[in-house]
Structures are given as structure tokens and as C-alpha cells.
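# Geometric and topological summary
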Amino acid sequence: MAVADPTLTVRYSLSLPTVPASVPQARRSVRAELAARGLAADHPLTDAVLLVVSELVTNTVRHAAPRSPRTTLRLDFEPDELTIRVHDRHPHCPSRRETPHQDGSGGWGLSLVHETALLAGGGTATLADPDGGGKTMVVRLPLV
């Protein structure tokens, strides 16, 4: 009888409170995990990954905290791809903006994440939870 090959995906998960201090904590944790997987500080994808993580965790802190006291950050390392997932329990599924907020409070974060992923040869998606009570922001980056 043949035995299936074990999965090659290595998962890293971190649950964080949706508070401002979680943004630098997420960056530090992800930087350490990247280094443990052979993506040192000077690896071409390190800055892109840290920017994506910073933007997505910041968005959960700024926009989801009242309804989602925690956010989950997950990294899936596959042989050719790194997938970054940031989940919260706020039902609003944001989309990229064409223009920033009129009051100067931002609005470019998801566009920056999307463009960063495209430049690296990857892509982005927003996945609503089956119950409609939350979502996961997904960014895929090739590991080449």
C-alpha cells in the first residue's frame, strides 16, 4: 500500500490582542520566524512580509478592535510560497481605496499591501468567515 507524502506546509500562528502594542510584537515575531526559516533580514522578501504584516495587523487594531478583541496572524510556509493570513471577527470586508480618506487619516494600507504582493509576484484576497462574522486577509508571496 502506498503512503501519501506528508504535507510540506509549515504553519506559524500567533494570537494577538487588537491593541497598538500588537503591531510591533507581530513584526518582531514574524522577523524571528522568517529568520528561523532561512529568510534573513537581507532576504528580498523580508521587508515585503514585514510591511504586509504591519499594515494588516494595524488595520485590525484601527478598525476591528471594538468587535474583535483578538486577531490571529498565520504564516504558511510551502516549498514555493509564503501565505500570510490575518483574521479578525469584524464582519466588514474592506476593499482597496482609489483615494485616501478625506480627513487625512489614511486609506492607502490595503492598496500598499496589494501592490507589494503584485511586485513580489503574488496576490491578495479577502475571505469572509462562513458565518459572516469576520474575515481573513490573505497575501500570497512566492518564495523564489
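Everything below is about the structure shown above.
One structure accompanies this document, and this report is about it. (Residues numbered from 1 in each chain as written. Predicted model: local features only at pLDDT ≥ 70, side-chain atom pairs only at ≥ 80, totals over all residues. Heavy atoms only, no water.)

Now for the overall build of the protein chain. Secondary structure summary: the protein chain contains three helices and five strands in total. Ordered by position from N to C terminus, the α and β elements of the protein chain give β-α-α-β-β-α-β-β. Here the contacts in the protein chain between residues at least 6 apart in sequence split such that 62% fall between residues at least 24 apart. Entry remark: accessible area of the protein chain is about 8100 Å², with carbon and sulfur atoms responsible for 55%. (Helix = DSSP H or I, 4+ residues; strand = E, 2+ residues; numbered from the N terminus. Contact = heavy atoms within 4.5 Å. Areas by Shrake-Rupley, 256 points an atom, 1.4 Å probe, with all protein chains shown as cover.)

Our focus in this paragraph is the pattern of salt bridges. Taken as a whole and assessed by the stated rule, the structure comprises eight salt bridges. For E33, the salt bridge identified is with R37, shortest N-O distance 2.9 Å. Of the residues examined, E33 reaches a relative accessible area of 11% and is grouped as buried. What makes R37 partly exposed here is its relative accessible area of 40%. Each member of the salt-bridge network shares a partner with another, and the members are R11, R74, D76 and R85. (Salt bridge = Lys/Arg side-chain N within 4 Å of Asp/Glu carboxyl O. Buried < 20%, exposed > 50% of the residue type's maximum accessible area, 1.4 Å probe, protein only.)

With respect to topology, five strands assemble into an open sheet ordered β1-β2-β3-β5-β4, the strand pairing being antiparallel. With one partner strand each, in any of the chains shown, β1 (10-17) and β4 (123-128) form the two edges of the open sheet. Shown here is a sheet whose adjacent strand axes are inclined to one another by a mean of 15°, direction ignored. Here β4 runs beside strand β5 (residues 135-142); their pairing, made up of six bridges, is antiparallel. Bridge pairing in β5 places A125 opposite V138. (Pairing = 2+ DSSP bridges. Axes fitted to C-alpha atoms, helices over the stretch in contact; angles between N-to-C directions.)

Within the secondary structure, A65 sits in the loop between α2 (46-64) and β2 (70-77). Under the relative-accessibility criterion, A65 is labelled partly exposed at 23%. For the pair A65 and V19, spaced 46 residues apart in the sequence, the C-alpha separation amounts to 7.3 Å.

Now for the side chain of E33. By secondary structure assignment, the location of E33 is in helix α1 (residues 22-36). Ignoring any residue separated from it by four or fewer positions in sequence, one finds E33 in contact with Y12, L75 and F77.

So, on to helix α3 (residues 109-119). One full turn of an α-helix is made of 3.6 residues, so residues set three or four places apart face in the same direction. Buried within α3 we find G109, L110, S111, V113, H114, T116 and A117. Taken together, the buried residues of α3 touch α2, β4 and β5. Two residues or fewer after α3 comes G121, characterised by a positive phi angle close to 90°.

In helix packing, the relevant descriptors are the interaxial angle and the interaxial distance, both defined with respect to the helix axes. Orientation of α2 relative to α3, taken along the N-to-C sense of each, is 155°, at an axis distance of 10 Å. Judged by the angle between their axes, α2 and α3 are roughly antiparallel. In this structure, the crossing between α2 and α3 has a hand that is left-handed. Contact with α2, carried on its side by A48, L51, V52, E55, L56 and N59, involves G109, L110, L112, V113 and T116 of α3 and no other residues of that element. The residue makeup of the contact of α2 with α3, split by class, is seven nonpolar, three polar and one charged. (Parallel < 35°, antiparallel > 145°, perpendicular 65-115°, else oblique. Left-handed = near helix turned anticlockwise from the far one by under 90°. Nonpolar A, V, L, I, M, F, W, Y, C, P; charged D, E, K, R; others polar.)

Bear in mind that shape data such as this cannot, by itself, settle questions of function.
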